[in-house]
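# Summary of the model geometry
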Amino acid sequence: MEEQGIRKYLPKVVVTLVLVAALAMVFLISCSDRDDEGSSGESSSSAAVSGDAAAIAEERGLTPDDITAALKTYTPTGVHDEYIMFASGGHSGQVYVVGMPSMRIIKQIAVYTPEPWQGYGYGAEGTMETLAGGDVGDHEIRWGDTHHPALSETGGDYDGQWLFINDKANARLATIDLRDFETKQIIKNPIAINDHGGSFVTPDTEWVIEGGQYAAPLGWEYSSLDNYETDYRGMVTIWKFDREAGRLDPDRSFAMELPPYWQDLCDAGKKVSEGWLFCNSFNTEMATGGVEDGEPSFEAGASQRDMDYLHIINLDRAIEVAQSGATVDVNGFPVIPLDTAIDEGLLYFAPEPKSPHGVDITPGGEYMVISGKLDPHVTIYSFDKIQEAIASGNWETDGYGVPILNFDDVMEAQVELGLGPLHSQFDDKGYAYTSLFLEPAVARWSLGGPYAELNDDPEWSLVSKINVHYNVGHIAAAEGDTVSPDGKYLVSLNKWAIDRFQNVGPLLPQNFQLIDIGQPGDNLQLLYDMPIPDGEPHYAQIIKADKLNPWEVYPEVGWNPHTQSPDPNASQIGEESIVRDGNNVTVNMTAVRSHFTPEHVEIKAGDHVVWHITNVEQTYDATHGFSLPVYNINLSIEPGETVTFEFDATEDGVFSYYCSEFCSALHLEMTGYMLVEP
Ligand code: RUQ
Ligand code: CUA
């Protein structure tokens, strides 16, 4: 019997087992003498398959490691991935949804940037409202620089319900609803012009953190750089998340004024450190640049000191102080002044070496891990020691009066890892992983304290490293920043791709590399390279796929995804109409395979048109599009959804509208005419 014949009749599971066995044989064959291959015989079917596989492997020049990597990542058609990664899309202003271990991009979620496939920002009222939420005064901003996605958590674990992500360029946050994977809210920070330390959630997602970056006067009012130390300020903003409403609530949110150091990344305490907040900073030199005038450049000026300051914030107390009203008003937003923060014991510093980037908290909340870009170590701080140091009252202060705890009082350990350490993640075996930008590599190291039981290593020490390609920024391990990391997989989010892919001209993609971290010790395996051709990814989070439970279709026909409730403007079949009231025309349309009703929309130049379309289908994947030329309308109307758009009919003529999703055999006929009479 031919191999094809066997495969056709055996259930998929058996075929998979045969293939795995066959490829395992290839592995053995490749490890031993290839001359044995011919004599292994054609008598058994698995040997025949392995012969084919061996030939393919040889023809393609695959090594045994390549073959195991393929076995670990290959995902047959119809089989779903075990994990889903939500990755920042950098300055594409979007979020990528990637299946793991296959590394297939399953979706992009439009966030800050209009995106036609999702009908985001091309007329659909809810999406226009979401985007407009991020406008600054009269300025319509239609892109963003997304850095740090944050999945909502319950008890410090991802709960699969919400996703937040910041826009560094304009200090904005977005809220994405994971019932339909759509952006519901963009909110502009009223006091800051850029951010970086966001978004980060508290263990039950009651609060979403947005830390600043490049200091400016609060509210970005003009002041000369000569007044940097007196007028410029840093900040952290604490947004209240209303789970019920599915929105960040500015009326219950507040900020804290900080010295004009450049706050960088934050992380909320968890378990033993719940109720505290930690942010690293750089440029405590308060360099103001001016290389063109012979002043030290920012890169030199902001890197002079050996230590910057880890910001240690008593979040629970800060919430009480803000709620007591001890705030000042900046652009209508309550801000705890720096002096109040100091007097109330809300803010402490600990020295951190050198030009640090990021702070990551161990799964149990006991330790804060800091990397200095210009220091080969990671430095680990103990939450207990920080509490003791605060209680002792034994500290100096910085120029603004903020207490600086003694380094030796709060430091637990330092581990030398290599060049350019940046960000850390954790696994289930008592290991931490840190990206090394300059090497470039990812280091695995063992945590001490209570984690020594898991990793069998009493010391805080380097275990192994794996090279990555190239210049890694963040890393993301499966659930690797939660209270219960999974281990198993880690993705290295590399900034440079260089030679990893075909040359496509001077602008190159970034490179995600999937690494198997499932085996203990010196046993990290690179599995897969995935180009990201659309904006620089920063951080990502990886969640078990079965924690996500999105809708297949909207819960009922006539659903408004912006309000997540039935839309009063929905039409069922038979209720379609065109209603004129003076110059105002309302179109009530339905869409179903394969027609819109009505198919003729006759209006007059100068009319104001409000147009509702309901996709009355409840069939999985039966999405219709709606494209109307000249008026810049493009919609995605998913099963059950009602979409509204409006426009002034300023241009007369004949305009054919049509469905832009290939929905059926007669999809091309899913069309109609809008006639605008002069
Ligand atoms: S960043 S590569 Cu998180 Cu914006 Cu570190
Ligand atoms: Cu509906 Cu094509």
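Throughout, a residue's number is its position along its own chain's written sequence, starting from 1. Chain A is the first chain written and ligand 1 is the first ligand written, with later ones labelled in order. Only residues with pLDDT of at least 70 are given local features in this predicted model, and only at 80 or more are side-chain atom pairs given and counted; all residues enter the totals for whole chains, interfaces and linings. Hydrogens and waters are ignored; side-chain quantities use all the structure's heavy atoms.

Here we take up the overall build of the protein chain. Helix and strand labels come from DSSP, where a helix needs a run of H or I of at least four residues and a strand needs a run of E of at least two; each type is numbered from the N terminus. From N to C terminus, the protein chain includes 13 helices and 44 strands. Taken over the C-alpha trace, the protein chain has a radius of gyration of 28 Å; the compact-globule value for 678 residues is 26 Å, and the two agree within 12%. Expressed along its principal axes, the backbone C-alpha trace of the protein chain runs to roughly 85 × 80 × 50 Å. Only protein chains enter the calculation, and the probe is 1.4 Å; a residue is then buried if its accessible area is under 20% of its type maximum, exposed if over 50%, and partly exposed in between. Counting every position in the protein chain, which comprises 678 residues, the buried fraction comes to 58%. In what follows, a contact means two residues having at least one pair of non-hydrogen atoms within 4.5 Å. Long-range contacts, defined as pairs at least 24 residues apart, comprise 62% of the intrachain contacts of the protein chain with a sequence gap of at least 6. For the purpose of charge, His is not counted, nor are the chain termini; Lys and Arg are scored as positive and Asp and Glu as negative. A charge is said to be at NZ when it belongs to Lys, at CZ for Arg, at CG for Asp and at CD for Glu. Here the protein chain carries 37 positive and 106 negative side-chain charges, and the mean point of each set is 4 Å from the other. It is over C-alpha atoms that the radius of gyration is taken, and the globule rule equals 2.2 Å times the number of residues to the power 0.38.

The next thing to look at is the pairing of strand β42 (residues 642-648). Counting buried residues along β42, five of its seven residues qualify, which places the element largely inside the surrounding structure. Pairing geometry for strand β39 (residues 608-615) and β42, over seven bridges, is antiparallel. Directly across from Thr-614, in β42, lies its bridge partner Thr-642. The rule for pairing is simple: two strands pair if DSSP sees at least two bridges between them.

This part takes up the packing of aromatic side chains. Any two of the Phe, Tyr and Trp rings considered here, Trp counted by its six-membered ring, make a pair once their centres fall within 6.5 Å; the pair's planes then place it as stacked at under 30 degrees, edge-to-face at over 60, or tilted in between. For the coordinates displayed, the defined rule picks out 32 aromatic pairs. Centroid distance Phe-645 to Phe-647: 6.1 Å. Interplanar angle 10°. Geometry classified as stacked. Note on accessibility: Phe-645 and Phe-647 belong to one class, buried. Taken together, Phe-596, Trp-611, Phe-626, Tyr-631, Phe-645, Phe-647, Phe-655 and Tyr-657 form an aromatic cluster joined through their ring pairs. One residue, Lys-240, lies across the ring of Trp-207, its end atom 4.8 Å from the ring centre. For a ring to carry a charge above it, either NZ of a lysine or CZ of an arginine must fall within 6 Å of the ring centroid while also lying within 35 degrees of the normal to the ring plane. Its guanidinium or amino end placed over the ring of Phe-282, Lys-373 lies 4.6 Å from that ring's centre, counting from NZ or CZ.

Strand order in this open sheet of four strands is β4-β5-β6-β7, and the pairing throughout is antiparallel. Two strands in the sheet have a free side with no partner beyond their single neighbour: β4 (146-154) and β7 (182-188). In this sheet, neighbouring strand axes are inclined to one another by 25° on average, regardless of whether the strands run parallel or antiparallel. When strand β5 (residues 157-167) meets strand β6 (residues 172-177), the two strands line up antiparallel, connected through six bridges. In the strand pairing of β6, Asn-166 is matched with Leu-173. Helix axes are fitted only over the stretch in contact, all axes being lines through C-alpha atoms; the angle between N-to-C directions runs from 0 to 180 degrees.

Taken together, the side chains of Glu-125, Glu-129, Glu-646 and Asp-648 make up a negatively charged region of the molecular surface. Elements with a contribution of two residues or more to the negative patch: α6 (125-132) and β42. For patch building, the residue pool is restricted to those with more than 30% relative accessible area and no salt bridge; the joining distance is 9 Å between like charges and 5 Å between nonpolar side chains (Val, Leu, Ile, Met, Phe, Trp, Tyr). For the area figures, the Shrake-Rupley method with a 1.4 Å probe applies, and any residue is considered shielded solely by the protein chains shown. We define a salt bridge as a side-chain nitrogen of Lys or Arg found within 4 Å of a carboxyl oxygen belonging to Asp or Glu.

Okay, the sheet that holds strand β8 (residues 195-201) next. Ordered by their spatial adjacency, six strands build an open sheet running β8-β9-β10-β11-β16-β15, and the pairing between neighbours is mixed. Two strands bound the open sheet, and with one partner strand each, they are β8 and β15 (328-330). Ignoring which end each strand starts from, the neighbouring axes of this sheet average 30° apart. Of the strands in this sheet, β9 (207-212), β10 (234-242), β11 (247-258) and β16 (333-336) touch helix α9 (residues 315-323), which is tilted by about 105° from β11.

Turning our eyes to something else, we now look at the state of the cysteines. Only a pair of cysteine sulfur atoms within 2.5 Å qualifies as a disulfide here. Summed over all chains, the structure comprises one disulfide. The partner cysteine of Cys-266 in its disulfide is Cys-279, sulfur to sulfur 2.2 Å. A torsion of 100° about the S-S bond marks the disulfide between Cys-266 and Cys-279 as right-handed. Taken together, the residues Cys-266 in strand β12 (residues 262-268) and Cys-279 in strand β13 (residues 276-282) connect sequence positions 13 residues apart. Cys-266 gets classed as buried once you look at its relative accessible area, which sits at 1%. The class for Cys-279 is buried, based on a relative accessible area of 1%.

Here we take up unusual backbone geometry. Residue Ser-594 follows Arg-593 across a cis peptide bond; omega there is 0°. With respect to the helices, strands and loops of the structure, Ser-594 is situated in the loop between β36 (584-592) and β37 (595-597). In this structure, the amide linkage connecting Thr-597 to the following residue, Pro-598, adopts the cis form with an omega of 0°. Considering the arrangement of structural elements, one finds Pro-598 in the loop between β37 and β38 (600-604).

Quick look at the nonpolar core now. Put simply, a nonpolar core is a bunch of buried Ala, Val, Leu, Ile, Met, Phe, Trp, Tyr and Cys residues held in one set by side-chain atoms that sit within 4.5 Å of each other. In this structure, Val-236, Ile-238, Phe-254, Met-256, Leu-277, Ile-336 and Leu-347 are the most contacted members of the largest nonpolar core, which totals 37 residues. Among the elements that make up this core, the one with the highest residue count is α9 (five residues). Contacts of Leu-347, omitting those with residues within four sequence positions, involve Leu-258, Pro-259, His-311, Ile-312, Ile-313, Leu-338, Ala-341, Val-402 and Pro-403. Among the nonpolar cores identified, the runner-up in size contains 28 residues, and Leu-628, Cys-659, Cys-663 and Val-676 belong to it.

The next subject is the confidence of the model for the protein chain. Summary of the metric used: pLDDT quantifies the predictor's per-residue confidence within the range 0 to 100. Here the protein chain shows a mean pLDDT of 93. Residues at 70 or above account for 93%. Between residues 1-48, whose pLDDT stays under 50, and residues either more than four places distant or in other chains, the model counts 34 contacts.

Put simply, a residue is near a molecule or strand once any heavy atom of it comes within 4 Å of that molecule or strand. Surveying the vicinity of ligand 1 reveals the residues His-147, His-148, His-196, Leu-265, His-357, His-423, Gly-473, His-474, Lys-495 and His-538. Contributing elements (two or more residues each) for the shell around ligand 1: β4 and β28 (472-478). Grouping the amino acids of the shell around ligand 1 by side-chain chemistry returns one nonpolar, eight polar and one charged. When residues are sorted by character, Ala, Val, Leu, Ile, Met, Phe, Trp, Tyr, Cys and Pro go into the nonpolar class, Asp, Glu, Lys and Arg into the charged class, and all the rest, Gly among them, into the polar class.

Note on placement: Asp-195 falls in strand β8. Buried within the structure, Asp-195 lacks any salt-bridge partner; its nearest side chain of opposite charge belongs to Lys-188, at an N-O separation of 7.5 Å.

Taken as a whole and judged by the stated rule, the model has 26 salt bridges. For Glu-479, the salt bridge identified is with Lys-544, shortest N-O distance 3.8 Å. In this pair, Glu-479 sits in the loop between β28 and β29 (487-494) while Lys-544 sits in strand β32 (residues 540-544), placing the two residues 65 residues apart along the sequence. In this structure Glu-479 comes out as buried when scored by relative accessible area, which is 0%.

Among all positions in helix α11 (residues 383-392), only Phe-383, Ile-386, Ala-389 and Ile-390 are buried. Along the long axis of α11, the arc covered by the buried residues comes to 120°, so they all point the same way. Exposed and oriented more than 90 degrees from the buried face of α11 are Asp-384, Glu-388 and Ala-391. Each polar contact in these results corresponds to two N or O atoms within 3.5 Å; when the atoms are within protein, one needs to be able to donate a hydrogen and the other to accept it, and residues that are neighboring in sequence are counted only if both atoms are side-chain atoms. One side-chain oxygen at the N-terminal end of α11 lies 3.3 Å from the backbone nitrogen of Asp-384; it belongs to Ser-382. To be clear, the arc concerns the directions from the helix axis to the C-beta atoms.

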